[in-house]
Structures are given as C-alpha cells and as structure tokens.
Amino acid sequence: MSLTSSSPTPRGRRRVRASVAAVATVGLAATGVIAFSGTARAADTLGAAAAESGRYFGTAIGPHLLGEADYAATLNQEFNSVVAENDMKWDATEPSQGQFNFSGGDRLVEHAQSQGMEVRGHTLVWHAQQPGWVQGLTGDSLRQAMLDHIDGVAGHFAGQIDSWDVVNEAFEWDGSRRQSNLQQQLGDGWIEEAFRAADAADPDATLCYNDYGTDGINAKSDGIYRMVEDFLARGVPIDCVGFQSHLDSNSDLSSYQQNLQRFADLGVEVQITELDIGGSGSAQANAYRTVTEACVAVQGCAGITIWGFTDKYSWRADDTPLLFDTNYQKKEAYGAVLDALNAAAPAGDGDQEDGTASSYLPAAWREGTSTHRAT
Ligand code: G3I
C-alpha cells in the first residue's frame, strides 16, 4: 500500500482511499466488469461497487485461513479492505510484556498490500482479550504498559494501517464508562491518553473509537457522542467513530442513519466496523440493505467492514449472519448490499454540477478547515 504521504491530516488519508478506488475501477474496467449504460454504473463486486463512491467494503479475516483456496479467492475477488478478527489484539501481539509477536498481523498486511486492499487495525486497547500479565497490573504500571503496547504495535505497523480502532468498547449501555481495569486503575483520562499515544506512534492513521450497541440514538451512543465532542473541542486526536453493528434481522434501525449523521456532523469520519446480521432470506437481506443505504447516504461514512464473510467461520457459530454461505455461495443479503452500494452517488474530487458535495469526507475536511488533528 502506498501510504507515503507525509501529511498527518485527513486530506492525506483521503488520497490513499482515492487511490484504492482508482485501482479497483481501472482493474475492473479493463476486464469489462463494470457496465456503463448512459450515466448508470454497476460494479459486480462489493469492493468495486463501494469504490465507485470513494468508500471501502471490507471484511474481518483470520490470516491462518488464507491457505484455503475458496476463502482466499472470495476475499480477493470481493473486498478492498481487511481487518484481523483476532491477530492484532493485545493477547496476540504482546503475549508477554515487551515481547511482541506480529506474525498474524504481518501476514494480513502483506496479503492486503499484494491485493491493493486497505487495512483496518483492531484493536490497540480493550478490556477483553488482554493477556494475563496485563490483568494483574495496577496504577502507573498499567498506564505504562498500555502506552508501551500502543507504541509497540502502532509503531510496528505505522504507515500500513488506514484506520486503527484505538479504544474498543469502553462504554456501558447507560452511557457511562465501563468499569474495566483500565477505567478503575487509570481514571477518566485513559482513553485520551491512548489516542495521544496512537497519534504519536502512527500520525497518518485514522484514529477511531469503536463500540457495539450504538446502532441508533440511545444512551450509549449519547455518551460516546459527548466524549467525541469533548475530544474535538480540546484537540484530542480522534478522527473517527466505528459502529460495530452486530445485528439481527429484526433489530431496530429506525435511527441508524440519523445516528451516523450526527457523528459525521461533529466532524469525525464514521465507519461501520463489524457488521453481521443474524437470520436468513429477505429479512436478513433487508436489514443489510438498510445499513448499507445508511452508510452511503452519509457523506462522512467511509466504508463498511463485515465481521467475516462466510458463515463457515462466523464467531456467531449458531447463526448464519454473513454474506456468503458455508460453501462460499452468495446469499440474498449479498445482492441487497451490492445493489445499495451501486445506487450510491459517485465519488468526485470536488463538488458536483448541482453544487452538492460528492466526496464522502465531512465538509470541513474537503475545504481544509478542519481543526481536529491540526498539525
Ligand atoms: O487462539 C486460541 C487457541 O489457541 C485456543 O486453542 C482456543 C481455545 O478456545 O481459543 C483461541 O482463541 C479464541 C479466539 O477467538 C481465536 O479463535 C478465543 O478463545 C475466542 O474467545 C476468540 O473469540 C473472538 C472474540 O472476539 C474474543 O472476545 C472472536 O473470534 C472474535 O470474532 C470476537 O470479535 C469481537 C471484536 O474483537 C470486538 N467486537 C465484538 C466482536 C465479537 O465478539
């Protein structure tokens, strides 16, 4: 991946994403996969369809599965972004204090680069999947361990990660802080400290706060909204909010788009980071369509990642929440997502003829007036 920009501003990162779109479009046009009919466009893979509006469409993967031919073929065909389902977490990357293991993460990045895919990093700090040695730490020992971990991991992958989930799942349903070891030992400032450390280790990455249960306007998303508002006002380097979106076919999505929009209006990028939807058939397809339509309707929604792509390897082992069945066949939900991506307004560098903005980026970023992450 050509992440060579020296600019740590969102505009620098935008160029990276635009190049992914260009590669995907050129490649598909050369093989005739994109059908042009008047002004209508239709790409026939998820990644290419998302790239048409300057977005990514990604999936979580297990790098150990890349040797399975159907797994790798489907991944390479359909997606222009990947994230490690487990291999970049704290327990995987620093099993003993100061002893880093990047084998799975490096393999993922290498594969992504060979395929021209973006990479999301997941996740630098989380209360779950902490190695045993972290769980026993208190006070400043825990603080230093967290900062060293961020420096070690984000530093190792610096320049290769488009977006990092810096902090994962730090809020309760009622909008208060989760009472994790991090919160109890380090106090309210720990999230801010984590973002500052990530910014220092990889100034070019888009830095995200990521959580679940934020699929509409509710007490939890309100709490996160207030934190982001505060961070932006005080110049804490946050760029993005990730909405995991582990859903069911009957999940209430009535304020899903409105919720994405209010965060985008604050001036952060929004990303759908771990989408999967339980169920099957039309009900599942309709929910997938609703989520995809919401993202492409929000200018600041940079893309969608599904949490695995084949039901064969979903973490929801008793359900069928993904876009491909256990035999890698496309499900009804796949068609719904592809159609919604193809219906999105095309990307453009500037504003369109009618004066509306065509980039997915928030207006402040396009106009260079964004104050957050100012350097
Ligand atoms: O790697 C070990 C293996 O060595 C061991 O033999 C085996 C025995 O249980 O466990 C393996 O680790 C498992 C790991 O997945 C890799 O397969 C863990 O037990 C298991 O807990 C872990 O589950 C992951 C879970 O996060 C951990 O909390 C899921 O695969 C992963 O899909 C899930 O992902 C999370 C996101 O990170 C955050 N948001 C929610 C999402 C779903 O829970």
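Residues numbered from 1 in each chain as written. Predicted model: local features only at pLDDT ≥ 70, side-chain atom pairs only at ≥ 80, totals over all residues. Heavy atoms only, no water.

Structural notes on the confidence of the model for the protein
Caution is warranted with low-pLDDT regions, since their predicted coordinates should not be read in detail. Residues at a pLDDT of 70 or more form 82% of the protein, whose mean pLDDT is 87. This stretch, residues 1-39, has a pLDDT under 50; its non-local contacts, to residues over four places away or in other chains, come to 73 contacts. Scored below 50 in pLDDT, residues 349-375 makes 66 contacts in the model with residues more than four places away or belonging to other chains. (pLDDT = per-residue confidence, 0-100. Contact = heavy atoms within 4.5 Å.)

Points about the pairing of strand 3 (residues 56-61)
Of all six residues that make up strand 3, six are buried, and the element is covered over most of its length. Burial along strand 3 is two-sided: the face carrying Tyr56, Gly58 and Ala60 and the face carrying Phe57, Thr59 and Ile61 are both buried. Two elements, strand 3 and strand 11 (residues 301-306), share four bridges in a ladder whose sense is parallel. When the bridges of strand 11 are listed, Gly58 appears paired with Thr305. Where strand 3 and strand 4 (residues 81-84) come together, four bridges link them in parallel fashion. The residue bridging Gly58 from the neighbouring strand is Ser81, located in strand 4. (Buried < 20%, exposed > 50% of the residue type's maximum accessible area, 1.4 Å probe, protein only. Helix = DSSP H or I, 4+ residues; strand = E, 2+ residues; numbered from the N terminus. Pairing = 2+ DSSP bridges.)

Comments concerning unusual backbone geometry
The amide bond that connects His122 to the next residue, Thr123, takes the cis arrangement and shows omega of -5 degrees. As for its placement among the helices and strands, Thr123 is situated in strand 5 (residues 118-126).

Brief notes about helix 11 (residues 256-266)
Listed as buried for helix 11 are Tyr256, Asn259, Leu260, Arg262, Phe263 and Ala264. Where helix 11 is buried, its residues contact helix 10 (219-234), strand 8 (240-243), strand 10 (269-278) and helix 12 (281-297).

Concerning helix 3 (residues 69-78)
Along helix 3, the residues that are buried comprise Tyr71, Ala72, Thr74, Leu75 and Glu78. Projected onto a plane normal to the axis of helix 3, the buried residues spread over an arc of 165 degrees and lie on a single side. The elements touched by buried residues of helix 3 are helix 2 (46-51), strand 3, strand 4, helix 5 (103-115) and helix 13 (332-342). (Arc of directions from axis to C-beta.)

With respect to the site of the ligand
The immediate surroundings of the ligand are formed by 13 residues, with Glu85, Lys89, His122, Glu169 and Glu274 found nearest. For the ligand, an oxygen atom lies 3.0 Å from a polar atom in the side chain of Asn86. Here a nitrogen atom of the ligand sits 3.0 Å away from a polar atom, N or O, in the side chain of Gln244. Isolated, the ligand exposes 790 Å² of accessible area, and the fraction of that covered by the protein chains is 44%. (Near = heavy atom within 4 Å. Polar contact = N/O pair within 3.5 Å; in protein donor to acceptor, adjacent residues only side chain to side chain. Areas by Shrake-Rupley, 256 points an atom, 1.4 Å probe, with all protein chains shown as cover.)

Remarks on the packing of helix 10 against helix 11
One can describe the packing of helix 10 onto helix 11 by two numbers: an axis separation of 10 Å at closest approach and a directional angle of 10 degrees. One finds that helix 10 runs roughly parallel with respect to helix 11. Mapping the contact onto sequence places Ser221, Asp222, Ile224, Tyr225, Val228, Glu229 and Leu232 in helix 10 and Asn259, Arg262, Phe263 and Leu266 in helix 11. Classifying every residue of the contact of helix 10 with helix 11 by side-chain character gives six nonpolar, two polar and three charged. (Axes fitted to C-alpha atoms, helices over the stretch in contact; angles between N-to-C directions. Parallel < 35°, antiparallel > 145°, perpendicular 65-115°, else oblique. Nonpolar A, V, L, I, M, F, W, Y, C, P; charged D, E, K, R; others polar.)

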